[in-house]
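Close look at the chain arrangement
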Amino acid sequence: MIISDDLEKLLKILPIEISKTIEKYSNKNQLLEIVMDLGKKPEARFSDHVYYISNKNINWQDINYCIKRLGKFNIDNRTGIKNTLHRISSINNRNGQIIGLTYRVGRAVLGNINIIRDLLEIGHSILILGRPGVGKTTAIREIARILADEIGKRVVIIDTSNEIAGDSDIGHFSIGRARRMQVKHPQLQHQVMIEAIENHMPEVIIIDEISTELEAIAARTIAERGVQLIGTAHGNSLENLIRNSTLSDLIGGIQYVTLGDEEARKRGTQKSILERKSFPTFNIVIEIHQLYSWRIHEDVEKNVDRILQGYKPILQDRFINLDNKHIIKYSQYNNNNENFNNNKPKLNSIKQDSNHFFYEFINKNVNINHKIYLYLHSLSYKQTQYCIDNMELPITLTKTLDNANAILGLRIQTKNTPKLREIAKNKRIPIYVISNETVPQLIKVLKNIINSYDLKKVYKNTHIFDSLKEMRMAILNIVLSKNQTVELIPRIGYIRKYQHLLAEYFNLYAISVGKEPFRRLRIYPRYLV
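Scope of this entry: the structure provided in the associated data block. Every chain begins its residue count from 1, and numbering advances along the sequence as written. Restriction of local features to residues with pLDDT of at least 70 applies here, the model being predicted, together with a cutoff of 80 or more for giving and counting side-chain atom pairs; totals for whole chains, interfaces and linings are based on all residues. Side-chain numbers come from the whole structure's heavy atoms, not from hydrogens or water.

1. Quick look at the pairing of strand β7 (residues 98-104)
Burial analysis of β7 places 6 of its 7 residues in the buried class, which makes it a mostly covered element. Pairs of strands are assigned from DSSP output, requiring at least two bridges between the strands. Only DSSP runs of H or I covering at least 4 residues are called helices, and only runs of E covering at least 2 are called strands; the numbering of each starts at the N terminus. Sheet analysis places strand β2 (residues 33-37) next to β7, joined by 5 bridges and oriented antiparallel. In the strand pairing of β7, D37 is matched with G100. Sheet topology places strand β6 (residues 87-92) next to β7; 6 bridges connect them, and they run antiparallel. Note on β7: the bridge partner recorded for I88 is Y103. Taking the residues between adjacent antiparallel strands as the criterion, β6 and β7 are bridged by 5 residues, where G96 takes a positive phi near 90 degrees. Burial here depends on accessible area, computed with a 1.4 Å probe over protein chains only, as a share of the maximum for the residue type. Under 20% is buried, over 50% is exposed, and the range in between is partly exposed.

This is the structure we're talking about:
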């Protein structure tokens, strides 16, 4: 992880006594802010403590010394230092005079978002939540570089206060090839967001500090046009965002719904309930509580619904330990009030008679009886079975013509057996022949049988059955026995659909993760009632 902060450029505009004191700090690389208020002692703020830089109170001369070395303050009372990421904000009196300054240290941290690299590659829109100063802007700055330089997407940054790419017309090196659009007035941010989508053909738009209803509407407009959106907002958790009437549209919006008497009894709720209004603008929400400790909501739609229904969301915690290793943990809850389908099997029942429940599910959902039954004439049963097993073909060898729907034999022997050909003709059973009983010829003819037969359904159902057997073992041996999350091997879409059904049948929560062709099922443990 590489950190660049240009702290020396910030110290040059401070009063000499203050800058010399800060240079002596051994932990100055962790400095967050420097605060200078008229008539008070200057402060150096770190994430977990505050130092008084000097015992001398700040006077007018100190304030004016700094102002002369700074550029013009914008309408939002912010300015910066050219070619750096530092931000300086002012506090004014009622006459417009500056009586306080806050120096926010801007840092480019290369490599700090590797912990969520897999989420970026999926292409979903991501919203980052966190309190001021926790590292949201640092994160999206590095996200912009990764998406533009390493993933190769067209990225446009809406930089309202020049905090992402620095206070200069040339963007800071930390954003890579990403383009930056500056905003003349903070209230015009939503217009610049729409302008970016209409004029510059971005694949990704990055926005810092979504804070108004107009900006939330503009974000939804961008997402509906198929552009990936990366944004930040102030707030500690997804629950805070749900209660925020201004920004709740980012996660689908909230509305009151009145249920009928029968529906309310069925749900076991009051007649007036809260429900999500529409699809979320952002598919993923990340809560940053500490710089290297992030909480992920991978499925915002489901988690918002769970919260509104009174249940706890399914989360995962990702953090970087002291050895710079990425660790992922999944939060698991035991909600005794959750409403499950009473027709589904209970935990003890599943463990006691897993075969019964598994094949009961198969019989209800998957038809596995459609196979090729192959009758052999003058050929080695053992050698043919070896070829079938080696290629994993959905073919079953049969010793009677009554069950057969294909015949395979040697050319000469089949030609000299008119009775076999007559039976095959009457039963409409196709005959396949080979000249010599060799493995290459057997493999070739077996492939021909597969290609000529309507095996789309055969292959499909056989692969479904095999994947569900694997999933059943993972559920019994890992999820239920060890109470651990498990990821299955990648499967194509129609197989994952059946895996989701089986997870629901076992009363477990599962989601599809990853990008094709490596998309796979992740199954979460939870206690069943």
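2. Digging into helix α18 (residues 493-505)
Three- or four-residue spacings in an α-helix give side chains the same orientation, since the helix completes a turn every 3.6 residues. A rise of 1.5 Å per residue sets the reference length of α18, with its 13 residues, at 18 Å; its end C-alpha atoms lie 19 Å apart and thus fit the reference within 8%. Taken together, the buried positions of α18 are occupied by I495, R496, Y498, Q499, L502, A503 and Y505. In this analysis, the expected span of each helix is defined as 1.5 Å times one less than the number of residues it contains.

3. Examining the side chain of E43
Within the secondary structure, E43 is located in strand β3 (residues 43-45). Polar contacts, as used here, are pairs of N or O atoms within 3.5 Å; protein pairs need one atom able to donate a hydrogen and one able to accept it. Residues neighboring in sequence count only if both atoms are side-chain atoms. A distance of 3.2 Å separates the side chain of E43 from the side chain of R45, its partner in a polar contact. Leave out the neighbours within four places in its chain, and E43 touches E33, I34, V35, V50, Y51, Y52 and I53. Contacts: residue pairs with any heavy atoms within 4.5 Å of one another.

4. Considerations on the packing of helix α6 (residues 189-199) against helix α7 (residues 213-224)
Where helices are involved, their axes are fitted lines through C-alpha atoms of the stretch in contact, as for all axes, and angles between N-to-C directions lie from 0 to 180°. One way to put it is that α6 packs onto α7 with a least axis distance of 8 Å and a crossing angle of 10 degrees. By the criterion of interaxial angle, the relationship of α6 to α7 is roughly parallel. Seen along the crossing, α6 lies across α7 with a hand that is left-handed. On α7, the residues that touch Q189, H190, M193, I194 and I197 of α6 are L214, E215, A218, A219, T221 and I222. Working rule for angles: under 35 degrees goes down as roughly parallel, over 145 as roughly antiparallel, 65 to 115 as roughly perpendicular, anything else as oblique. Definitions for this section: a left-handed crossing has its near helix turned counterclockwise from the far helix by less than a right angle. A right-handed crossing has that turn clockwise.

5. Things to note about the nonpolar core
Ranked by internal contacts, the top residues of the largest apolar core, which has 32 residues, are L127, I158, I205, L250 and I251. Of all the elements in the fold, those that place two or more residues in this core are β9 (126-130), β10 (155-159), α6, β12 (204-207), α7, β13 (228-234), α8 (238-243) and α10 (300-308). With residues near it in sequence (within four places) discarded, I251 still touches L238, L241, I242, R276, P280, V285, V300 and V304. Residue types Ala, Val, Leu, Ile, Met, Phe, Trp, Tyr and Cys, when buried and joined through side-chain atoms within 4.5 Å, form a set referred to as a nonpolar core.

6. So, the packing of aromatic side chains
Centre distance within 6.5 Å is the pairing criterion for rings of Phe, Tyr and Trp, where only the six-membered ring of Trp is used; planes under 30 degrees apart are then read as stacked, over 60 as edge-to-face, and the remainder as tilted. Enumeration according to the criterion identifies 4 aromatic pairs in this entry. Relative to F46, the ring of Y25 has its centre 6.2 Å away and its plane inclined at 65 degrees; by these criteria the two rings are edge-to-face. On the criterion of sequence distance, the pair formed by Y25 in the loop between α2 (16-23) and β2 and F46 in the loop between β3 and β4 (50-52) is long-range, its members being 21 residues apart. No difference in accessibility class separates Y25 from F46, as the two residues are buried. Seen in terms of ring centroids, Y509 and Y524 are 5.4 Å apart; in terms of plane orientation they differ by 40 degrees. Their pairing is tilted. Placement of Y509 in strand β25 (residues 509-513) and of Y524 in strand β26 (residues 520-524) is noted, with a sequence separation of 15 residues between them.

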